[in-house]
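A structural walkthrough
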Amino acid sequence: MLFTQTKLQGSYIVEPEKLEDGRGFFARTWCQQEFSTLGLDANLVQCSISFNNKRGTLRGMHLQIPPCAETKLVRCTQGGIYDVIIDLRSHSSTYMQWTAVHLTAKNRKALYIPKGFAHGFQTLADNTEVFYQMSDFYRPDFARGFRWNDPNFKIQWPEPVTIISVRDREYEDFEPSWL
């Protein structure tokens, strides 16, 4: 696997290193040892899928707070997404900064998102599926979210938002006291 750090401290784009031949290719998408060697959280305990019918669907911004904060490894297995993360770790040199990565079924990239980051995405195609691996179990009492268009971050989404849940639409702006 190839690991490329994003502009946000501790987050990485993870690309499969393909072994190709006449049949196609073979590549690892997860290796606990490789993640651990880089000092990344390799304790992934739960997997989930998000399926999205329509292009322009927006999910986010979401996070779980301590003691149930979670690391995520996110991959798009069908279609494509504009995946956004925000560093909310007050001790980090990239605190309150965001970045985005295009994850598609074609490019097969994944995004490693450390604990203390918010996460959201917008679909770039109809029938998009996103696969998540997480380091903690989902606990609704520790789940938080804030507006996808919070003026504190000025996220530049690539397309108009066509579908968003009532919950995501009605979130307030980010409040540092949540953490």
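Conventions used here
- Residues numbered from 1 in each chain as written.
- Predicted model: local features only at pLDDT ≥ 70, side-chain atom pairs only at ≥ 80, totals over all residues.
- Heavy atoms only, no water.
- Helix = DSSP H or I, 4+ residues; strand = E, 2+ residues; numbered from the N terminus.
- Buried < 20%, exposed > 50% of the residue type's maximum accessible area, 1.4 Å probe, protein only.
- Contact = heavy atoms within 4.5 Å.
- Areas by Shrake-Rupley, 256 points an atom, 1.4 Å probe, with all protein chains shown as cover.
- Lys, Arg positive; Asp, Glu negative; His and termini not counted.
- Charge placed at Lys NZ, Arg CZ, Asp CG, Glu CD.
- Pairing = 2+ DSSP bridges.
- Core = buried A, V, L, I, M, F, W, Y, C linked by side-chain atoms within 4.5 Å.
- Axes fitted to C-alpha atoms, helices over the stretch in contact; angles between N-to-C directions.

For the rest of this paragraph, the subject is the overall build of the protein chain. The helix and strand inventory of the protein chain stands at 2 helices and 14 strands. Along the three orthogonal principal directions, the C-alpha set of the protein chain runs to about 50 × 35 × 30 Å. Burial statistics for the protein chain: of 179 residues in total, 46% are counted as buried. For the protein chain, contacts bridging at least 24 residues in sequence account for 79% of all contacts bridging at least 6. Taken as a whole, the protein chain presents about 9300 Å² of accessible surface, with 49% of it coming from carbon and sulfur. Averaging the positions of the 20 positive and the 20 negative side-chain charges in the protein chain gives two centres separated by 3 Å.

Moving on to the pairing of strand 12 (residues 128-134). Buried residues dominate strand 12, accounting for 5 of its 7 residues. With 7 bridges connecting them, strand 5 (residues 46-52) and strand 12 associate as antiparallel partners. If you follow Ser 48 over to strand 12, its bridge partner there is Tyr 132. Pairing geometry for strand 7 (residues 72-78) and strand 12, over 6 bridges, is antiparallel. Each residue of the ladder has a partner; that of Lys 72, found in strand 12, is Met 134.

Next up on the list: unusual backbone geometry. In this structure, the amide linkage connecting Gly 60 to the following residue, Met 61, adopts the cis form with an omega of 5°. Looking at where Met 61 falls in the secondary structure, it is placed in strand 6 (residues 57-64). Here the bond from Pro 66 into Pro 67 is cis, since omega is 5°, no more than 30 degrees from zero. The backbone phi angle of Lys 154 is positive, close to 55°, even though this residue is not glycine. Structurally, Lys 154 is set in the loop between strand 13 (143-145) and strand 14 (163-164). The class of Lys 154 is exposed, set by a relative accessible area of 63%.

With that settled, the discussion passes to the nonpolar core. In terms of nonpolar packing, the biggest core is built from 20 residues, with Met 61, Ile 86, Leu 88, Phe 146, Phe 153, Ile 155 and Trp 157 touching the most fellow members. The contacts of Leu 88, once residues within four sequence positions are left out, are Leu 63, Tyr 95, Met 96, Gly 116, Phe 117, Ala 118, Phe 146, Phe 153, Phe 174 and Leu 179. Cys 76, Leu 111, Ile 113 and Val 130 belong to the second-largest nonpolar core, a separate cluster that totals 15 residues.

Judged by pairing direction, the sheet is antiparallel, and its 6 strands sit side by side in the order 1-2-10-7-12-5 without closing on themselves. Either end of the sheet is taken by a strand with one partner, and the two such strands are strand 1 (2-5) and strand 5. Between one strand and the next, the sheet's axes are offset by a mean angle of 25°, whatever the strand orientation. The pairing of strand 1 with strand 2 (residues 12-15) spans 4 bridges and is classified as antiparallel. Following the sheet pairing, Gln 5 is matched in strand 2 by Tyr 12.

Everything listed is a geometric property; what it means functionally is a separate question.
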